[in-house]
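Read off the chains here:
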Amino acid sequence: MRRWTNVLAAVVLAAGAAATAVPTASAVTATTDCSTVWGSLDRQDRTVPYQPQALTNIRTGAHECFDRLVVDVPGTSPENPLAYRVHYVNGNTVHQAGSGTPIPVNGGAVLEIVVGASTYDPATWEKVYPARSGDALPGVDLTGYRTFVDSRFAGSLEGETQFGLGVRARLPFEVFQLDNRLVIDVAHSWSATG
């Protein structure tokens, strides 16, 4: 009988120790640090000398802390940059360059994006990016994105292409250039966690 009492006491102690044990790393829910210093003020690089360039694609990706929009312009790089201007507009409308035609964009806030590249090949004048004014950006499906809500093409005029990106709210963003592309990241929130 004494032997069973010792076994029972050992089982009770082991169960109590397991209940109060510190969880392992795999049992702890990790939070991602999504802090940024981006802010929501205008970003631009308009000092780039004009070079005829073609915008060939616009694509998006969802990340843990931000949504990303990529503008593909072959031949550009940080050393051979693309002129751009990215800023929040008042209201939910981008006004088409040249005509002033209003292009409504859904979302809690709208980023107007203007890049120094045409939707036409400058050598042949053939259209290389099949967008139409007022329509959603071709091939861009924003279903399931946390921050991106809508995208609208505004036009391509005199070597510049303009479009609107509807986002959930006026959130911090950053713009940077890599080889053959301009990247725009918009954070999911102003907080430090995703």
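In case you missed it, the structure is sitting above this.
The shown structure was predicted, so the numbers you read here are calculated from the model rather than taken from an experiment.

What to know about the overall build of the protein
Secondary structure summary: the protein contains 1 helix and 11 strands in total. Counting from the amino terminus, the protein carries its helices and strands in the arrangement α-β-β-β-β-β-β-β-β-β-β-β. Long-range pairs, those at least 24 residues apart, make up 67% of the contacts in the protein between residues at least 6 apart in sequence.

Some remarks on the pairing of strand β7 (residues 109-115)
The side chains of a regular strand alternate, first on one face of the sheet and then on the other. Among the 7 residues that make up β7, 7 are buried, leaving the element largely enclosed by the rest of the structure. Burial of β7 is two-sided: the residues Ala109, Leu111, Ile113 and Val115 facing one way and the residues Val110, Glu112 and Val114 facing the other way are all buried. Strand direction decides the pairing type here: strand β4 (residues 84-88) and β7, joined by 5 bridges, are antiparallel. Paired with Tyr84 across the strands is Val115, a residue of β7. Relative to strand β9 (residues 160-167), β7 runs antiparallel, the two sharing 7 bridges. Paired with Val115 across the two strands is Thr161, which belongs to β9.

Examining the sheet that holds strand β3 (residues 66-72)
In spatial order, the strands read β2-β3-β11-β10; together these 4 strands make up an open sheet with antiparallel pairing. The sheet terminates laterally at β2 (57-62) and β10 (173-178), the two strands that pair on one side only. Shown here is a sheet whose adjacent strand axes are inclined to one another by a mean of 20 degrees, direction ignored.

Quick notes on the sheet that holds β9
Strand order across the open sheet formed by 5 strands is β1-β4-β7-β9-β8, with antiparallel pairing between neighbours. Where the open sheet ends on each side, the last strands, each with one partner, are β1 (43-45) and β8 (148-157). Ignoring which end each strand starts from, the neighbouring axes of this sheet average 15 degrees apart. The sheet contact formed by β1 and β4 spans 3 bridges and is antiparallel. In the strand pairing of β4, Gln44 is matched with Arg85.

Topic: the nonpolar core
In terms of nonpolar packing, the biggest core is built from 31 residues, with Ile58, Leu69, Val71 and Val186 touching the most fellow members. Going through the elements one at a time, β3, β4, β7, β8, β9, β10 and β11 (181-187) are the ones with two or more residues in this core. Top element by residues in this core is β7. It accounts for 4 residues. Excluding its chain neighbours within four sequence positions, the residues that come into contact with Val71 are Leu55, Asn57, Ile58, Val115, Phe163, Asn180, Arg181 and Leu182.

Procedures and definitions
Residues numbered from 1 in each chain as written. Predicted model: local features only at pLDDT ≥ 70, side-chain atom pairs only at ≥ 80, totals over all residues. Heavy atoms only, no water. Helix = DSSP H or I, 4+ residues; strand = E, 2+ residues; numbered from the N terminus. Contact = heavy atoms within 4.5 Å. Buried < 20%, exposed > 50% of the residue type's maximum accessible area, 1.4 Å probe, protein only. Pairing = 2+ DSSP bridges. Axes fitted to C-alpha atoms, helices over the stretch in contact; angles between N-to-C directions. Core = buried A, V, L, I, M, F, W, Y, C linked by side-chain atoms within 4.5 Å.

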